[in-house]
Amino acid sequence: MFRPATGLAATLASLLIALPVQADDPLKLAVDIPFEPFEYRLPDGTLTGFEVELGEEVCRRIERECEWVEQSWDGIIPGLMARKYDAIMSSMAITEARRDKVLFSEPYYSNPSVWVTQEGREVDIEDRDALEGLAVGVQRGTIRDNYITDTYGDLVEVRRYTTGEDLALDVKTGRLDAAFMYYPLALSALDVDDEGSGIVTSSPLIREPKRYFGHGVAVAFHPRDEALAEQFNEALREIKQDGTYDELMHKYVDYDIKI
């Protein structure tokens, strides 16, 4: 019969979870897939994207073997705390709430958000009266979910989706009046503002207020892994300084995300 760990066994279990990353072990990086153009799979199953290539370059420079671990977004921080992987490199914005839980690297890109809707629909985000009763989609557990819930939750029907793909599908099919999305996802999944896509932006790119949208995207580590975080910081600085960052950025996006 299973019995919960007590006494010495419980103490040892808690210490194992808290132990810092060992230098000889493969470095496990968590990622939520798909999230084009930052992390996604090619038709042959190969994992790629801006952050994947950036992460592989960091691992090369710090002379560590890299392994990518797929993890859904709503469990990605708990998984880090449970030592299922060593870091999260999956477009995680630095926010004060997250700083209470994880240790962040220096930021390496900025992540704008945007309102989108079907072409021909009128969605004026400055007119709160006009928003009343609209069905607005967001990806569950994201900073966009928090922002819409707090700012417009008394006006709109907030519909939450587990994946960005499911959210994009309901925008395309008209089951939503509007969605508040990560801009790169709107580009990759909806071809937003492209002629013939039928989907348009209904706001400028949004990066404020900082209490929701954070201070850029960073790698998240267990709070005890300060040495590993500094290794990442040094490698990221080198990558930005020697031009490698710009090469990767222009390979995947046609707008400036550097920070």
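Look above for the structure.
About the thresholds
- Residues numbered from 1 in each chain as written.
- Predicted model: local features only at pLDDT ≥ 70, side-chain atom pairs only at ≥ 80, totals over all residues.
- Heavy atoms only, no water.
- Pairing = 2+ DSSP bridges.
- Helix = DSSP H or I, 4+ residues; strand = E, 2+ residues; numbered from the N terminus.
- Axes fitted to C-alpha atoms, helices over the stretch in contact; angles between N-to-C directions.
- Contact = heavy atoms within 4.5 Å.
- Buried < 20%, exposed > 50% of the residue type's maximum accessible area, 1.4 Å probe, protein only.
- Polar contact = N/O pair within 3.5 Å; in protein donor to acceptor, adjacent residues only side chain to side chain.

Sheet architecture is open: five strands sit in the order 9-8-10-7-11, paired in mixed fashion. The open sheet terminates on both sides in strands that have one partner only, identified here as strand 9 (157–161) and strand 11 (199–201). Taken over all neighbouring pairs, the strand axes of this sheet differ in orientation by 30° on average, direction set aside. As paired strands, strand 7 (residues 113–118) and strand 11 are joined by three bridges and run antiparallel to one another. Looking at the pairing, Q118 lines up with I199 of strand 11. Its contacts with the sheet put helix 8 (residues 183–190) on strand 7, strand 10 (178–182) and strand 11, and the angle it makes with strand 10 is roughly 110°.

Our focus in this paragraph is the side chain of S110. Of note, S110 is situated in the loop between strand 6 (103–104) and strand 7. With relative accessibility at 14%, the residue S110 sits in the buried group. If sequence neighbours within four positions are ignored, S110 has contacts with R207, I257 and I259.

Turning our attention to the sheet that holds strand 4 (residues 66–70). Strand pairing in a sheet relies on backbone hydrogen bonds. The paired strands run either parallel or antiparallel. The mixed open sheet is built from five strands, whose spatial order is 4-1-5-12-6. If you trace the sheet from one side to the other, it starts and ends with strand 4 and strand 6, each paired once. Across the face of the sheet, helix 2 (residues 50–61) comes into contact with strand 1 (27–31), strand 4, strand 5 (87–93) and strand 12 (217–221) while running at roughly 145° to strand 4. The sheet contacts of helix 10 (residues 226–241) involve strand 1, strand 5, strand 6 and strand 12, and relative to strand 12 the element is tilted by about 150°.

Here we come to the environment of E70. Along the chain, E70 falls in strand 4. Under the relative-accessibility criterion, E70 is labelled partly exposed at 46%. Sequence-wise, E70 and S90 are 20 residues apart; in three dimensions their C-alpha atoms are separated by 9.9 Å. Sequence-distant contacts of E70, that is, excluding residues within four places in its chain, are made with V31, I33 and R41. Within the local environment of E70, its side chain forms a polar contact with the side chain of R41, the two groups lying 2.5 Å apart.

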